[in-house]
Amino acid sequence: ADHQSQHYRLEDDLLKYYPENIEAAKSRIAGAEKDMARYMENLPKAPDAQTEASDAPETGASEVGSHAAPSFPTMTVLGVEYTEKEPAAKALLEACKTVVGKEPAKIGSYLGFDMSLAFDSFYKKFHLTLKGDLSYSVELGMDTFGNMTRINNALRVDIPERLNSSKNQLENLYQQVE
């Protein structure tokens, strides 16, 4: 009876569980690839966003010209566009004061991603969500430039990690099906 039960469970897995999870993994891969394309498309306008990414493509500036003031991509916060890092970072902290609920409220956009902000009253922390095809969450602190670094890292590091993780998961699912 146990053998037959296990046989039926494996049959169910092959007919339902694996196909559903394979499709979900493919969807995550497609979403992460679109987000990576969105990020890379907006990145040349944003050298600040890749300062820590030594393997990121160059923006066309020569080494001599790279000592000029780095340009900052436009960040929209509460309807106001910021083209400099410090005012944008401060506006982000000001936006935190307007958010009171756990429900994410759209506050603007950055590098082609919509930004939503929510407040977790239990932990007393602000969570910024960057939404492209997939969502990337960032916990905000009170340090203006630290928040900007966290946001850039969420895009620069989390997207490729999620893409690789989903590809590995898909490969694992195919192996399990075999």
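Residues numbered from 1 in each chain as written. Predicted model: local features only at pLDDT ≥ 70, side-chain atom pairs only at ≥ 80, totals over all residues. Heavy atoms only, no water.

Draft legend 1. Region of interest: the packing of helix α2 (residues 85-98) against helix α3 (residues 144-177). Running from N to C, α2 and α3 cross one another at 95°; their axes reach a closest spacing of 9 Å. Classed by the angle they form, the pair α2 and α3 counts as roughly perpendicular. Along the contact surface, α2 presents K85, E86, A89, K90, L92 and L93, while α3 presents T144, F145, N147, M148 and I151. Each residue belonging to the contact of α2 with α3 can be placed in one class, and the counts come to six nonpolar, two polar and three charged. (Axes fitted to C-alpha atoms, helices over the stretch in contact; angles between N-to-C directions. Helix = DSSP H or I, 4+ residues; strand = E, 2+ residues; numbered from the N terminus. Parallel < 35°, antiparallel > 145°, perpendicular 65-115°, else oblique. Contact = heavy atoms within 4.5 Å. Nonpolar A, V, L, I, M, F, W, Y, C, P; charged D, E, K, R; others polar.)

Draft legend 2. Molecular detail of the environment of I22. Positionally, I22 belongs in helix α1 (residues 2-42). Considering only alpha carbons, one finds I22 and V177, 155 residues apart in sequence, at a separation of 10.0 Å. If we ignore the near neighbours within four places in the chain, the residues touching I22 are L170, L173, Y174 and V177.

Draft legend 3. Layout of the pattern of salt bridges. Enumeration over the complete set of coordinates arrives at nine salt bridges. Taking the shortest distance from any N to any O, the salt bridge between E94 and K97 comes out at 3.1 Å. One end of the pair is E94 and the other is K97, both in helix α2 and three residues apart, which spans about a single turn. For K97, a relative accessible area of 63% corresponds to the exposed category. A salt bridge links K125 to E139; the nearest nitrogen and oxygen atoms lie 3.2 Å apart. (Salt bridge = Lys/Arg side-chain N within 4 Å of Asp/Glu carboxyl O. Buried < 20%, exposed > 50% of the residue type's maximum accessible area, 1.4 Å probe, protein only.)

Draft legend 4. Structural context of the packing of α1 against α3. For the pair α1 and α3, interaxial distance at closest approach is 9 Å and the crossing angle is 155°. Between α1 and α3, the interaxial angle falls into the category roughly antiparallel. In this structure, the crossing between α1 and α3 has a hand that is left-handed. Residues that form the contact of α1 with α3 fall into these classes: 16 nonpolar, four polar and six charged. (Left-handed = near helix turned anticlockwise from the far one by under 90°.)

Draft legend 5. Highlighting the environment of P19. Among the secondary structure elements, P19 is positioned in helix α1. Among the residues examined, P19 registers a relative accessible area of 34% and is labelled partly exposed. Sequence spacing of P19 and L173 is 154 residues, and the spatial spacing of their C-alpha atoms is 9.0 Å. Among residues more than four places away in sequence, those in contact with P19 are D13 and L14.

Draft legend 6. Local environment of α1. With 41 residues, α1 extends 56 Å between its outermost C-alpha atoms, agreeing within 8% with the 60 Å of an ideal straight helix rising 1.5 Å per residue. Where α1 bends most, at D13, the angle is about 45°. Of all the residues in α1, the buried ones are Y18, I22, A25, I29, G31, A32, D35, Y39 and N42. Buried-residue contacts for α1 involve β4 (113-120), β6 (135-140) and α3. (Expected span 1.5 Å × (residues − 1). Bend = angle between axes of the 7 residues up to and from the residue.)

Draft legend 7. How the structure looks around a nonpolar patch on the surface. On the surface, L14, L15 and V177 cluster together into a nonpolar patch covering about 290 Å² of accessible area. Looking at where V177 falls in the secondary structure, it is placed in helix α3. Looking at V177, the relative accessible area reads 34%, which means it is partly exposed. (Patch = residues over 30% accessible without salt bridge, like charges linked within 9 Å, V, L, I, M, F, W, Y side chains within 5 Å. Areas by Shrake-Rupley, 256 points an atom, 1.4 Å probe, with all protein chains shown as cover.)

Draft legend 8. Spotlight on α3. End to end, α3 covers 48 Å across 34 residues, agreeing with the expected 50 Å (1.5 Å per residue, within 8%). The largest bend in α3 comes to about 30°, at D158, with the proline P160 one to four residues further on.

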